[in-house]
Amino acid sequence: KQEVTQIPAALSVPEGENLVLNCSFTDSAIYNLQWFRQDPGKGLTSLLLIQSSQREQTSGRLNASLDKSSGRSTLYIAASQPGDSATYLCAATGNQFYFGTGTSLTVIP
Amino acid sequence: NAGVMQNPRHLVRRRGQEARLRCSPMKGHSHVYWYRQLPEEGLKFMVYLQKENIIDESGMPKERFSAEFPKEGPSILRIQQVVRGDSAAYFCASSPGTYSYNEQFFGPGTRLTVL
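Note that this is a predicted model, so its numbers are computed, not measured.

Got a minute to help me understand the overall build of chain B in this structure?
If you tally the helices and strands in chain B, you get 0 helices and 11 strands. Counting helices and strands in the order they occur from the N terminus, chain B gives β-β-β-β-β-β-β-β-β-β-β. Rg of the C-alpha trace for chain B: 13 Å, near the compact-globule value of 13 Å for 115 residues, within the 12% margin. Dimensions of chain B along its principal axes, counting C-alpha atoms only, are 40 × 30 × 25 Å. Going through the 115 residues of chain B one by one, you find that 45% of them count as buried.

Okay, here's the thing in structure tokens:
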């Protein structure tokens, strides 16, 4: 069974700092990996989707990479802003959709 | 193009009552997924449906829970005889095709509280 782990569980950084969120998965047989953002009491907003044949995807200040062989994905956020404060979830798609438990990010003004 | 709609946004039920959660997928999406997020836990897959078909219900509890996605109308997640442990946020997502290759779009969720 696929297990998805996100480290750290919580992260606090000053505004303007670049940061990396980590996601690891135990079964490399995935179709894709998706990163989401969840604000308190809200639903999930899709950030980036990386197909299994791809290495990375970029959207604005966000860059996500995927290394299937090592079972890892990273989400890089450049020049962090207070508005980036949220919980970030990764999800690996295999025979089901498996979520990590998330990294709670706080960007301090 | 409206996003995934869920209603109600908040639902309070007493133990033993029934809860009905509705999900309208994005226009053009025929694949619907339900997830549950328990307090302090991650999102867990429950069920995957296409119109009039349950594709994968391996994440659904064996009793009291059922889901449908009729030809017309929203997808319904039904919980019979609710218990306190059912209190959670229930999220619906939709995609235009199978999740193997398609991005999933999530609704705002229904927060169920069982008294």
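Once the structure has been displayed, the description carries forward.
What exactly am I supposed to notice about the environment of serine 58 of chain B here?
Position of serine 58 of chain B among the secondary structure elements: in the loop between β6 (53–56) and β7 (65–68). Residue serine 58 of chain B is classed as partly exposed on the basis of its relative accessible area, which comes to 48%. In the structure, serine 58 of chain B is positioned 12 residues away from methionine 46 of chain B in sequence and 6.8 Å away in space, judged by C-alpha atoms. Ignoring sequence-local partners within four residues, the contact set of serine 58 of chain B consists of Gln96 of chain A together with Phe45 and Met46 of chain B. Among the polar contacts listed, one links the side chain of serine 58 of chain B to the side chain of aspartate 56 of chain B, at a separation of 2.7 Å.

Got a minute to help me understand the interface of chain A and chain B in this structure?
One widely used convention gives an interface's size as the accessible area the parts lose upon coming together. The interface is formed by 21 residues belonging to chain A together with 19 residues belonging to chain B. For the pair chain A and chain B, the two sides together bury roughly 1,600 Å², of which 52% comes from carbon and sulfur. The interface formed by chain A and chain B includes 0 salt bridges. Our count for the chain A to chain B interface comes out at 4 residue pairs in polar contact (both at pLDDT 80 or more). Listed by contribution, the elements that provide at least two residues to the side of chain A that touches chain B are β4 (32–38), β5 (44–51), β9 (86–93) and β10 (97–99) of chain A. Residues of the side of chain A that touches chain B, tallied by class, amount to 7 nonpolar, 13 polar and 1 charged.

Please explain the sheet that holds strand β7 (residues 62–67) of chain A as it appears in this structure.
Two pairing modes exist for strands in a sheet, parallel and antiparallel, and in both the strands are linked by backbone hydrogen bonds. All names here are of chain A. Taking strand neighbours across the sheet as the criterion, the 5 strands line up as β1-β3-β8-β7-β6 in an open arrangement whose pairing is antiparallel. Since the sheet does not close on itself, it has two edges, and those belong to β1 (4–7) and β6 (56–59), each with one partner. Neighbour to neighbour, the strand axes of the sheet diverge by 15° on average, direction disregarded. Bridge count for β6 against β7 is 4 bridges, and the pairing is antiparallel. Within β7, the position partnered with threonine 58 by the bridge is asparagine 63.

Whenever I open this one, the environment of glycine 73 of chain B confuses me. Can you help?
Tracing the backbone through its elements, the reader meets glycine 73 of chain B in the loop between β7 and β8 (75–79). In the structure, glycine 73 of chain B is positioned 49 residues away from serine 24 of chain B in sequence and 7.5 Å away in space, judged by C-alpha atoms.

Criteria and cut-off values
The residue numbers shown here count from 1 along each chain, following its written sequence. Whichever chain is written first is A, and whichever ligand is written first is 1; the rest continue in order. In view of the model being predicted, local features appear only for residues whose pLDDT reaches at least 70, and side-chain atom pairs are presented and counted only at 80 or more, with totals across whole chains, interfaces and linings using the full set of residues. Working from all heavy atoms in the structure, the side-chain values ignore hydrogens and water. The helix and strand labels rest on DSSP assignments: H or I over at least four residues marks a helix, E over at least two residues marks a strand, and numbering proceeds from the N terminus. The reference for a compact globule is 2.2 Å times residues^0.38; the radius of gyration itself is calculated from the C-alpha atoms. Only protein chains enter the area calculation, which uses a 1.4 Å probe; residues under 20% of their type maximum are buried, those over 50% are exposed, and those in between are partly exposed. In what follows, residue pairs with any heavy atoms lying within 4.5 Å of each other are defined as contacts. Pairing of N or O atoms within 3.5 Å defines a polar contact, subject to two protein rules: one partner must be a possible hydrogen donor and the other a possible acceptor, and residues neighboring in sequence count only if both atoms are side-chain atoms. Once two parts are brought into contact, the accessible area they lose, counted with a 1.4 Å probe and summed over both, makes up the buried area. The salt bridge definition used is simple: a Lys or Arg side-chain nitrogen within 4 Å of an Asp or Glu carboxyl oxygen. When residues are sorted by character, Ala, Val, Leu, Ile, Met, Phe, Trp, Tyr, Cys and Pro go into the nonpolar class, Asp, Glu, Lys and Arg into the charged class, and all the rest, Gly among them, into the polar class. Being paired, for any two strands, means DSSP has found at least two bridges between them. Convention adopted: a line fitted to C-alpha atoms gives each axis, helices being fitted over their contacting stretch, and angles between N-to-C directions are expressed from 0 to 180 degrees.

Function cannot be read off these values alone, since they describe shape.
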